[in-house]
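Coordinate analysis (summary)
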Amino acid sequence: MGIITCSNITKKFGKFTALNSVSLDIPKGEIFGLLGPNGAGKTTLIRIINQITLPDSGELLFNGAPIRPDAVECIGYLPEERGLYKKMKVGEQAIYLARLKGMSTKEATAQLKEWFVKFGIQGWWDKKVEELSKGMAQKIQFITTVMHKPQLLILDEPFSGFDPVNVNLIRKEILALKEAGTTIILSTHNMESVEELCDSIALINKSNLVITGKVDDIRRQYGNNHVEVIYRGIQPVDVAMAPVTVVSDEEFKGNRRAVLDVQKGATSARILGELIKGNDIVSYQELMPRMNDIFIKLVTNS
Amino acid sequence: MGKSKISVIIAREFAIRVKKKSFILTTLLTPLLFAALMVVPSLIAVYSGNEEGQQVAVVDESGIVMPYMQSDAEFEFVAVEGQGMDELKKDFDNLGYFALVGISPLDSAKNVSVVTYSKKQMNMDLKGRITRNVEEAVEEYKLKGYDIPQLAQIMEEIQPQVSMMTYTFDEKGEEKVSKVEIFMAIGYIASFLIYMFIFMFGSMVMRSVIEEKTTRIIEVIVSSVKPFQIMMGKILGVASVALTQFFIWIVFTLLIVTVAGSALGLNDAAQTMAVASSEIPVEEITKVVESDGDGFLQALKGVNYIQIIVCFVVYFALGYLLYSSMFAAVGAAVDNEADTQQLIFPITMPLIIGLFLMLHTFQYPDSALSFWGSVIPFTSPMVMMARIAYGVPAWELALSIGVLVLTFVAMAYLSGKIYRVGILMYGKKPGWKEIYKWLKY
C-alpha cells in the first residue's frame, strides 16, 4: 500500500473531462514521476491530491485511509506557477506560509534559520521579495515547501528558473529528503531528470492514465532488446556463436561500436562469453530506450 | 485548525496594511482635517476677521438716505459732499476708502438707485446692509408722504413678531425640538461616508485578490487553506483595518476639537461640535451658532448620537461584508485590474442606486421608496443611514439588518464558489456564462 492510492478518479469541468477514471499507487519513500504533455490532467490530479479540487468520483487514500482535510499539513506543494508576495519581507513571508501549514511561529523560525544557513542566504531574511532575482525567489519557495517536513512532497517543475549550480543544489536536497524517508511526486518535462531521479512513474495523456510502473521495467518493456558493444580493432565484429544478429557496426571515436539484436532468452553472460573470444571488448551494455523516446512514442500513439 | 488558520490570514491582512506609510499618514492626518473643518469656521465666526474701521464713502444726492446708513466696527459710512463719483473714483487710492456708494436723486416715483464701486470684492454682508438701509430710508420717506398721524406708533405695533419652533413627537408623547436641516445633514453625510467606505475597502479586497492571483502565491496558499477561508480571512482582515481607522479617527477628532477648542477659547462652539461629533456640516453650525443658538443646541441634543454611531458601524460592517464578498469574486475572476471594468458593473450599480435613493430619502425619510430602499440589502446601508436621524421604528431596523445579514451569508456562499474556481483560472477573461458555470463545479 502506497502513501497515495487513487482509484478510478474522475473529474469533469462542465463538458470537459480533465481526468478519466485514473487509478494509481504511489509507493512510500520513492520519487514518483508524474509525466504527461501539457493539458493532460497532471495539474488536476495534483490539485486533487492537495485537496484543492474535489474529484467527481473515485477514491483517494492517504496512507491507506480516505484522505482528511488535515492531511494538507503532511503535504508540501511547489506549484509550477508559483510566486510570493512582492512587498513582504522574506522571513516574515516564510513564517506566514509555515503557519498556514500548521507550524508555530517559534518552530517555523527555527526551521527557517536552519534552511537559510544550509542555502547560505542568511542575509535575505529582511529583504523584500521584489528585491530578489527569480532564482533567489525560487530558492525561498523551495524552502517554504519543505520546511514543515512533509511526508509527501509534490514538486511541479522544480528546476525551472534555476541555473545549473542551483539545479544541482536542489537535486541534492531532493535526494537527501528521499533518504530521510520523504515520498516525492515529481512532475516534469525534463526526461533526463526522470531517468536520473525517479523510481516509478505514471504517464497521463488526454485525461487517461497511459502507463504506470517502475522506471526500469518500463524502459525494458519498451526497449527492442539491443546491446551495444565497443571494441578495439578495425575488423567488423566477430559474433561467432553468440545468439545475436548485427544491427550496425561502425567506427566510433577510434574504436568500433556494434549494436546487436539479442535473441529471446539469451543472457548477457552467454553473449559476452562468445564475443570475448574474437573481440577486444572495451564496453558492453544493454541499450535501454530513453524516457524521452518512450514518452513521445506513448503520447503520439495514444 | 481551520479557525486558527483564518486568524493567521486576518492577522497578515491587517498587519501589512496598518504598517503602510500611507495608512499611518491618512489615519493621523484625517482627524486634523476633520478638526480643522470644525474649528476653523467658528474661529472665523469669532474673529470675523476683516480689518476694523474701514471707511465707505457715501455720495447721497437724494438727501434722505445718509441718516439711515448704520456704521459698525468694521465699516464706517462717511458722507462726502461737493465731490462727484468720478472725482472720487480717480482719487480712490489716495482717499483710502474701502468702497464708494453713490445714491441717485429721488425720481418721479420717489425711488432711488444705488451704485457702488470698490477695488476689492464687496462681501455679501456689506451689500445686504447697504440695500437694507437704503430701502428703509426710501420706505419711511414714502410713508411720511401720506401724512398719517401717529405713524411711528402704528409702525411699531404692526411690526410682525413670529418665532417658529418645530417639534416631532412620538407615541410616548415625548416632544423633541426638531431641526430638519440637522437630520438631513446627518443622513447625507453618514450615508455618503458609508458609500465611500464600502467602495474604498471593497476594492481594497478586490485588488488584494488580484495581487495574489497575478503573483501566483495563491497556488501555494490554497494547498494549505480552503479557498473560502482565504477569502473570508481577507475580507475580515480588511474590515479590521477599516474599523481600526474609524476608531482612531473618532477618538483623535474629538480629542483635537476639545483641546484646540478650549485652547482657543471657543468653549461653547467646541462643545457644540464635540456633541455633534463629525456629523454636522460646517455651514449649519456657524449659521446657527450666530443666530438662534438655543433652539439649535436643543435640536442637536435631540439627536440620538449613540444610535447613529452604532448604526453607522453596523451598516458599514454589514454593507462592507456583502459588497466585499462580491468584490472578492470579481477579483478572483480576472487576471488584472484592467479586466474588472465589465464585471464590476453589477457591484457599482446598486451602490450608486443606493446613493441616489439616499438623495431622495434624506428629504422624504418616510416615503415608500425610502422604506423599500432601506430594506433591500444592496441599498439599505446607504438609505437607512439617511433615515436614521429622523428616527426609525425598531422593527424596521431589525428587518433591514436581518435581511442584510441573510443576504451576506448567501452572497458569501456564492462568491466563495466563484472565488474557489476563479483563483486557479488564468488566461481568457471569463464572461457571465462561464462564471455562472463555475457556481456548479
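Residues numbered from 1 in each chain as written. Chains lettered and ligands numbered in written order. Predicted model: local features only at pLDDT ≥ 70, side-chain atom pairs only at ≥ 80, totals over all residues. Heavy atoms only, no water.

1. Quick notes on the overall build of chain A
Scanning chain A from N- to C-terminus turns up nine helices and 14 strands. Viewed in the frame of its principal axes, chain A has a C-alpha envelope of about 70 × 50 × 30 Å. By residue count, 51% of the 302 residues in chain A fall in the buried class. Pairs at least 24 apart in sequence give 68% of the contacts found in chain A among residues at least 6 apart. Here chain A contributes 37 positive and 35 negative side-chain charges, whose respective centroids are spaced 5 Å apart. (Helix = DSSP H or I, 4+ residues; strand = E, 2+ residues; numbered from the N terminus. Buried < 20%, exposed > 50% of the residue type's maximum accessible area, 1.4 Å probe, protein only. Contact = heavy atoms within 4.5 Å. Lys, Arg positive; Asp, Glu negative; His and termini not counted. Charge placed at Lys NZ, Arg CZ, Asp CG, Glu CD.)

2. Some details on the overall build of chain B
The secondary structure content of chain B amounts to 18 helices and six strands. Expressed as a percentage of the 441 residues in chain B, the buried residues total 46%. Here the contacts in chain B between residues at least 6 apart in sequence split such that 71% fall between residues at least 24 apart. Looking at chain B as shown, the accessible area adds up to about 22800 Å², and 63% of this sits on carbon and sulfur atoms. (Areas by Shrake-Rupley, 256 points an atom, 1.4 Å probe, with all protein chains shown as cover.)

3. Observations concerning the interface of chain B and chain A
Where the parts come together, the accessible area they lose is often given as the size of the interface. Taken together, the 22 residues of chain B in the interface contact 26 residues of chain A. Each partner contributes to the roughly 2400 Å² buried at the junction of chain B and chain A, and carbon and sulfur atoms together form 62% of this total. For the interface between chain B and chain A, the tally reads four salt bridges. We note a salt bridge from A:Glu92 to B:Lys19, for which the minimum N-O separation is 3.5 Å. (Buried area = accessible area lost by both parts, 1.4 Å probe. Salt bridge = Lys/Arg side-chain N within 4 Å of Asp/Glu carboxyl O.)

4. Quick word on the packing of aromatic side chains
Residue and element names in this part refer to chain B. All told, the structure shown has 22 aromatic pairs over all chains when counted by the stated rule. Between the aromatic rings of Phe-197 and Phe-246, the centroid separation amounts to 4.6 Å while the plane-to-plane angle is 50°, which identifies the pairing as tilted. Taken as a pair, Phe-197 in helix α7 (residues 180–214) and Phe-246 in helix α9 (residues 227–263) lie far apart in primary sequence, 49 residues in all. Judged on exposure class, the residue Phe-197 and its partner Phe-246 are both buried. Here the aromatic rings of Phe-371 and Trp-395 are separated by 6.0 Å at their centres, their planes lie at 50°, and the arrangement is tilted. (Phe/Tyr/Trp six-rings, centres within 6.5 Å; stacked < 30°, edge-to-face > 60°.)

5. Points about the sheet that holds strand β11 (residues 226–232) of chain A
Residues and elements named next belong to chain A. One open sheet holds the four strands; their spatial order is β12-β13-β11-β14, and the pairing between them is antiparallel. Of all the strands in the sheet, the pair left with one neighbour each is β12 (244–252) and β14 (280–287). Neighbour-to-neighbour, the strand axes of the sheet open up by a mean angle of 20°, direction not taken into account. Pairing of β12 with strand β13 (residues 255–262), which is carried by eight bridges, proceeds in the antiparallel orientation. Each residue of the ladder has a partner; that of Asp-249, found in β13, is Ala-258. Sheet strands touched by helix α8 (residues 268–278): β11, β12, β13 and β14. Its angle to β14, the strand with the most contacts, is close to 155°. (Pairing = 2+ DSSP bridges. Axes fitted to C-alpha atoms, helices over the stretch in contact; angles between N-to-C directions.)

6. Examining a positive patch on the surface
Taken together, the side chains of A:Lys15, B:Lys433, B:Lys437 and B:Lys440 make up a positively charged region of the molecular surface. Assessed through its relative accessible area of 61%, B:Lys440 is described here as exposed. (Patch = residues over 30% accessible without salt bridge, like charges linked within 9 Å, V, L, I, M, F, W, Y side chains within 5 Å.)

7. Observations regarding the packing of helix α13 (residues 305–333) of chain B against helix α16 (residues 380–388) of chain B
The relative placement of two packed helices is expressed as an angle between their axes plus a distance between the axes. Residues and elements named next belong to chain B. Here α13 crosses α16 at 175°, and the two axes come no closer than 9 Å. Here α16 runs roughly antiparallel to α13, going by the angle between their axes. Within the contact between the two elements, α13 uses Gln-307, Ile-308, Cys-311, Phe-312, Tyr-315 and Gly-319 and α16 uses Ser-380, Pro-381, Met-384, Met-385 and Ile-388. Class assignment for the residues of the contact of α13 with α16 results in eight nonpolar, three polar and no charged. (Parallel < 35°, antiparallel > 145°, perpendicular 65-115°, else oblique. Nonpolar A, V, L, I, M, F, W, Y, C, P; charged D, E, K, R; others polar.)

8. Structural notes on the sheet that holds strand β8 (residues 183–187) of chain A
All names here are of chain A. Pairing within the open sheet is mixed, and its six strands lie in the order β6-β7-β8-β3-β9-β10. Among the strands making up the open sheet, the edge pair consists of β6 (75–78) and β10 (208–214). Neighbour to neighbour, the strand axes of the sheet diverge by 15° on average, direction disregarded. Judged from the four bridges that link them, strand β3 (residues 31–35) and strand β9 (residues 200–205) form a sheet pairing that is parallel. Each residue of the ladder has a partner; that of Gly-33, found in β9, is Ile-201.

9. Here we look at the pattern of salt bridges
All told, the structure shown has 27 salt bridges over all chains when counted by the stated rule. Residues B:Lys5 and A:Glu73 are paired through a salt bridge, measuring 3.4 Å at the closest nitrogen-oxygen approach. In this pair, B:Lys5 sits in helix α1 (residues 2–18) while A:Glu73 sits in the loop between β5 (65–66) and β6, so the two residues belong to two different chains. A:Arg257 is the partner of A:Glu228 in a salt bridge, and the nearest nitrogen-oxygen pair spans 2.7 Å. Remark: A:Arg257 occurs in strand β13 and A:Glu228 occurs in strand β11; sequence separation between them is 29 residues. Given the relative accessible area of 19%, A:Arg257 is considered buried. In this structure, a network of salt bridges that share partners links the residues B:Arg12, B:Glu13, B:Arg17, B:Glu212 and B:Lys234.

10. Some words on the side chain of B:Glu13
Residues and elements named next belong to chain B. Of note, Glu-13 is situated in helix α1. For Glu-13, a relative accessible area of 1% gives the class buried. Among the polar contacts made by the side chain of Glu-13, one reaches the side chain of Arg-12 at a distance of 3.5 Å. Beyond its immediate stretch of four places on either side in the chain, Glu-13 contacts Ser-208, Glu-212, Gly-233, Lys-234, Gly-237 and Val-241. (Polar contact = N/O pair within 3.5 Å; in protein donor to acceptor, adjacent residues only side chain to side chain.)

11. Comments concerning the domain arrangement of chain A
Here chain A is partitioned into domain 1 (4–219) and domain 2 (224–287). Computed from C-alpha coordinates alone, the two centres of domain 1 of chain A and domain 2 of chain A are separated by 43 Å. (Domains from an automatic or database assignment.)

12. A look at the side chain of A:Arg82
Tracing the sequence through the fold places A:Arg82 in the loop between β6 and α2 (90–100). An unpaired buried charge is present at A:Arg82: no salt bridge exists, and A:Asp156, the closest side chain of opposite charge, is 6.6 Å distant. Within the local environment of A:Arg82, its side chain forms a polar contact with the backbone oxygen of A:Pro79, the two atoms lying 2.8 Å apart. Once you skip the residues sitting within four places of it in the chain, A:Arg82 turns out to touch A:Gln138, A:Gln141, A:Asp156, A:Glu157, A:Pro158, A:Ser160, B:Thr215 and B:Arg216.

13. Describing a negative patch on the surface
Side chains of B:Glu135, B:Glu136, B:Glu139 and B:Glu140 sit close together on the surface and give a patch of like negative charge. Considering the arrangement of structural elements, one finds B:Glu139 in helix α5 (residues 124–144).

14. Here we look at the environment of A:Asp126
Checked against the element boundaries, A:Asp126 lands in the loop between α3 (105–118) and α4 (134–146). Measuring from C-alpha to C-alpha, the distance between A:Asp126 and A:Lys89 comes to 5.4 Å, with 37 residues separating the pair along the chain.

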